[in-house]
Amino acid sequence: MDNTKETVTFTQKWIEKAVRNFLKNEKEPITAQDLAQIQYLKIGESFDNDFIIELSKQCPPEPFADTDGGDEWIFALQGEDIERFLRDSETDLHCLSAFGFEYEENYAAGSKEAGKNWKDYRETVYQERYYEEIADYEQWEQWYEETKENIYKDLHLFTGLLVLRIYGTAMPDYTALSGMERLAVMELVGTCFADTDGVEKLYGLKQLSCWLD
């Protein structure tokens, strides 16, 4: 049975809207095959009172480095350091942060070549922001927290990802990553997990950038 032709169902309308705009598909069903073409996803809080989603079908550069944000990708964990970090007795697997952990720095991620690669790749990236105008602050705060907590429900749909960047999102566990067979790079910013089920998915990554606010 060819599961790639199956229609997918989003739980978060703002994510579906962004994907439809990116795919230029206003009304037709979205299939698993459509989503498998997406190789790059950044999603979550923008830390500016709204939410952000970025998508690209193009293969991300190696090593991956978003040089717009500073030098954090120089300090991303690589290869064997990732498994050593995850197995370290002092590592909190619920809220990953490599701060204070000794590892080999990747200066290639801060090179001029990496900067050029990111600049070129950024041209392929589609971005949307999501915000709701709600006059009542308590209702707005409720919308914001519910949006933040529900993002994880649609992550498992993106099975073709090579790069996944999650910002300020509440996750129940790591199992949403289980179907992402090609996942090579992950960034976790201010993101915590209620349970550590499925954390072994991170062992095979090439790069892991993780930090808390």
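Above this note sits the structure.
Residues numbered from 1 in each chain as written. Predicted model: local features only at pLDDT ≥ 70, side-chain atom pairs only at ≥ 80, totals over all residues. Heavy atoms only, no water.

Taken together, Asp136, Glu138, Glu141, Glu145, Glu146 and Glu149 make up a surface patch of like negative charges. When you line up the elements, Glu146 lands in helix α5 (residues 137-150). (Patch = residues over 30% accessible without salt bridge, like charges linked within 9 Å, V, L, I, M, F, W, Y side chains within 5 Å. Areas by Shrake-Rupley, 256 points an atom, 1.4 Å probe, with all protein chains shown as cover. Salt bridge = Lys/Arg side-chain N within 4 Å of Asp/Glu carboxyl O. Lys, Arg positive; Asp, Glu negative; His and termini not counted. Charge placed at Lys NZ, Arg CZ, Asp CG, Glu CD. Helix = DSSP H or I, 4+ residues; strand = E, 2+ residues; numbered from the N terminus.)

All right, on to the pattern of salt bridges then. Opposite charge on two side chains makes pairing possible when the charged atoms of those side chains draw close. For the coordinates displayed, the defined rule picks out 12 salt bridges. Among the ionic pairs, Glu16 bridges to Arg20, the shortest N-O distance being 3.1 Å. With Glu16 and Arg20 both in helix α1 (residues 13-23) and 4 residues apart, this pair spans about one turn of that helix. Taking relative accessible area as the criterion, Arg20 reaches 16% and is therefore assigned buried. The salt bridge involving Lys148 is made with Glu45; its shortest N-O contact spans 3.8 Å. Placement of the pair is Lys148 in helix α5 and Glu45 in strand β1 (residues 40-45), with a sequence separation of 103 residues. Overlapping salt bridges, with partners in common, bring together Lys13, Glu16 and Arg20 in one network. (Buried < 20%, exposed > 50% of the residue type's maximum accessible area, 1.4 Å probe, protein only.)

In this section: the environment of Phe47. The residue Phe47 is located in the loop between β1 and β2 (51-56) in this model. Along the primary structure Phe47 and Asp88 are separated by 41 residues, whereas in three dimensions their C-alpha atoms are 30 Å apart.

Applying the stated criterion across every chain, the model contains 1 disulfide. In this structure Cys210 is not part of a disulfide, and its nearest cysteine sulfur, from Cys95, lies 11 Å away. Take Cys210: its relative accessible area is 5%, and that puts it in the buried class. (Disulfide = S-S within 2.5 Å.)

Let us now look at α1. Of all 11 residues making up α1, 8 are buried, and the element is well covered by its neighbours. Every buried residue of α1 is listed here: Trp14, Ile15, Glu16, Ala18, Val19, Arg20, Phe22 and Leu23. Those residues of α1 that are buried lie in contact with α2 (32-36), β1, β2, β4 (126-130) and α5. Positive phi appears at Lys24, one or two residues downstream of α1, with a value of about 55°. (Contact = heavy atoms within 4.5 Å.)

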